[in-house]
Amino acid sequence: MDLSSFLTSLATSFVIFVVLMLVFVWLSRKPENAVVYYPNPILRGSDPWDGARRRTRSPVGWIAEAFSASEADVVAAGGVDAVVYLIFLATVMGILVFSGIVLLPALLPVAGTDHALVDASKNNKTAGNFTSIDKLAMGNVKNGSQRLWAFLLGVYWVSFVTYYILWRTYKHVSNLRAAAKSSPDAKPEEFAILVRDVPKPSPGQSIKDHVDSYFKALHPETFYRSMVVTDNKEANKIWKEIEANKKKLARAEAVYAESKSTSRPDGTRPTHRTGCLGLVGEKVDTINYCNEKINELLPKLEAEQKITLREKQQSAAIIFFNSRPAAASASQTIHAQNTNTWAVLEAPEPRQVLWTNLPKKLYERQLRQAVVYVIIVADQIEIKTVLEAYLPQIVLIVFLALLPMFLMILSKAEGLASESHAVRAAAGKYFYFVVFNVFIGVTLAGTLFSSLKSILNHPTQIVPLLGRSLPGNATFFLTFVALKFFVGYGLELSRLVPLIIFNLKKKFLCKTEAEVKEAWAPGDLGYATRVPNDMLIMTIVLCYSVIAPLIIPFGVVYFGLGWLVARNQVLRVYVPSYESNGRMWPHMHTRIIAALLVYQITMLGFIILKEFCYAPFLIPLIPITFIYAFICKNRFYLAFAHTPLEVASREIKETPNMESIYTAFIPLA
């Protein structure tokens, strides 16, 4: 891509963003669209037009509102997890800003005043395809030139800036998590632990009695009671049928009320057929039928629940303690000599417990995890290759769109205990998938399978392979990053797709207030896909930061604009589906370190290819990064994996009602 094409693409993307921003300002001012643009404050019971959320007149008024919100405001609207995500965006932006302050004025003149590309075009007529952007990149520096010292030192600068900023951020997030975990407001999960792999009880003893006697003996002063996990499959089936009939009843009553008029005061009672899809079978009065079904099913549900509690107990339980320190201490204690039994960990938040996974035994969980990773590897090697080779591009697009959901299903299939853990696992898989396929796949200019095959056949060639392939794609990735932040964030801000979907549902499908509310429910930030995509951009910008420093401003805009748009969406739109108090940060930190290692290895390969005899001076950076990661893990990670006793021991506002804490964990279905 030549310079004029690049600038045209950039200008087009910018115009699209401006148009989408103006569309957002115009549509968000209309009261009838409030449920699409301000669902968060509405669900929290506040008026979206009051105070900082007053109707925006200026096209940039939303920016001032996003900046003026405090960290406490963000926590109130989106939770600690949302704040940590914003901190992640600010951290990467900080790394790029401080890197660019040195790299841009230092490296651009060094590259721009050399003539490697011009000389190559004179010696080889086929080498003349380069642009003005290429002349400002490392590829324009002659092989073996002493100018390469500037680029080598630039790698060190970016690495140490990353170390410093990541350390400060890890410390800040750790303090933020501690403040949330020591809040004076009692939370149910802070008084409970999860126990898995409960051994078989003695003959004639129920699992509940077995659990109660075990923990009463070990924690006689602090044990409150237990909730044994049960097989609720049948009870859930009946409950879901009752809920479906309630929903159908509400809809039928709304349709019936709508049919009444002055000329027809009795209206028309809705009917349906009881057979498959309502197309066959006996024709019945829907209102009467649903009422009869509900009355019939309620006693069945009550009877099934009693049977479930008595006969379908499983080998996992939630254990409740009468204080936060007691629960925190118990969650960090090895309870049994045989460590394959009575495994304990901190209880997840009630709304994110994956109940069906809790009874799965240790060896089953390990086997499931191994199978899932085999599937993931096979998926990366085979499925995408088959799709690329034999199926139309539209199928490939559909496959990639469904991939995050597929990875979430696989992560839950591992037997993980909580939604947040499954999200972290899915995000990790998705990160490595997109980095391997989008970044390395495009860089190596071949299909995923051929690239992998080359690396497997010649593993020692991965460093020069990356180094040789990277420079030729600099302009492509510049355009890719610009398209992501201008068009991607423009669509995110404008919410055109959710607005259209909501209005279509409201007009043609919704009959009750509950259905309307369900139609505009915004969901959460979607960390499982959002974080890996941001990590991909970070990996791209890091790897090109020294090779083509012009990419740094684009990276800064991506993460800066992303921080601004995400902050607006957290305050106005998205509603958290769970709260893990920043448990995602160690995952983010690890992936940033992984991206840094890819960057360092790539730069080592490229500088070796530039025939610079001092290239081995980059080798120490790789072990330094591993040592740094090890130190960070030892210094901070345990406080994320477990709640420190000094945090759990801080005073709470008032003694909680233990029965309400217990009932908070009773699953709805």
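Model, not experiment: these values are computed from the prediction.

A. Fine view of the confidence of the model for the protein chain. On average, residues of the protein chain score 87 in pLDDT, and 87% of them are at 70 or above. Note on residues 52-56: pLDDT under 50 across the span, and 19 contacts to partners over four residues away in sequence or across chains. Taken as a whole, residues 445-451 scores under 50 in pLDDT and shows twelve contacts with residues more than four places along the chain or in a different chain.

B. Highlighting unusual backbone geometry. Here Asn-581, not a glycine, exhibits a phi torsion of approximately 55 degrees, which is positive. Here Asn-581 shows up in the loop between α21 (551-572) and α22 (585-609). With a relative accessible area of 7%, Asn-581 lands in the buried category. Phi at Glu-611 takes a positive value of approximately 60 degrees, unusual for a residue other than glycine. Take Glu-611: it is sitting in the loop between α22 and α23 (621-641).

C. Representation of the nonpolar core. The biggest cluster of nonpolar side chains holds 133 residues, and the ones touching the most others in it are Val-546 and Trp-585. Sequence-distant contacts of Trp-585, that is, excluding residues within four places in its chain, are made with Val-84, Phe-88, Thr-91, Leu-166, Thr-169, Tyr-170, Val-173, Ile-592 and Phe-640. Counting 18 residues, the second largest nonpolar core, distinct from the first, contains Val-195, Phe-223, Ala-317 and Trp-342.

D. Representation of the pairing of strand β1 (residues 192-196). Most of β1 is tucked away: five of the five residues are buried. Here β1 shows two buried faces, one formed by Ala-192, Leu-194 and Arg-196 and the other by Ile-193 and Val-195. By the bridge criterion, five bridges tie β1 to strand β5 (residues 313-321) in an arrangement that is antiparallel. Residue pairing in the sheet places Ala-192 in a bridge with Phe-320 of β5. Bridge count between β1 and strand β6 (residues 343-346): four bridges; the pairing is antiparallel. From the neighbouring strand, Val-195 faces β6, where its bridge partner is Val-344.

E. Main features of the sheet that holds β1. One open sheet accounts for four strands, arranged β2-β5-β1-β6; its pairing is antiparallel. Each edge of the sheet is formed by a strand with only one pairing partner; in this case those strands are β2 (223-230) and β6. Shown here is a sheet whose adjacent strand axes are inclined to one another by a mean of 25 degrees, direction ignored. Strands in contact with helix α8 (residues 207-218) are β1, β2, β5 and β6; relative to β2, the strand with the most contacts, it is inclined by about 150 degrees.

F. Structural view of the packing of aromatic side chains. All chains considered together, the criterion is met by 28 aromatic pairs. Taking the centre distance of 4.8 Å and the plane angle of 35 degrees together, the rings of Tyr-163 and Tyr-628 count as tilted. Here the residue Tyr-163 occupies a position in helix α7 (residues 148-181), and Tyr-628 occupies one in helix α23, the gap between them amounting to 465 residues. Judged on exposure class, the residue Tyr-163 and its partner Tyr-628 are both buried. With 5.5 Å between their ring centres and 70 degrees between their planes, Phe-320 and Phe-665 make a pair best called edge-to-face. Here Phe-320, found in strand β5, pairs with Phe-665, found in the segment after α25 (658-663); they are 345 residues apart in sequence, far enough to count as distant. Phe-665 matches Phe-320 in its accessibility class, with the two residues each being buried. Among the aromatic side chains, those forming a connected cluster through ring pairs are Trp-167, Tyr-170, Trp-585, Phe-636 and Phe-640. A cation over a ring is seen here: Arg-225 above Tyr-662, with NZ or CZ 3.6 Å from the ring centre.

Rules used throughout
- Residues numbered from 1 in each chain as written.
- Predicted model: local features only at pLDDT ≥ 70, side-chain atom pairs only at ≥ 80, totals over all residues.
- Heavy atoms only, no water.
- pLDDT = per-residue confidence, 0-100.
- Contact = heavy atoms within 4.5 Å.
- Helix = DSSP H or I, 4+ residues; strand = E, 2+ residues; numbered from the N terminus.
- Buried < 20%, exposed > 50% of the residue type's maximum accessible area, 1.4 Å probe, protein only.
- Core = buried A, V, L, I, M, F, W, Y, C linked by side-chain atoms within 4.5 Å.
- Pairing = 2+ DSSP bridges.
- Axes fitted to C-alpha atoms, helices over the stretch in contact; angles between N-to-C directions.
- Phe/Tyr/Trp six-rings, centres within 6.5 Å; stacked < 30°, edge-to-face > 60°.
- Lys NZ or Arg CZ within 6 Å of the ring centre and 35° of its normal.

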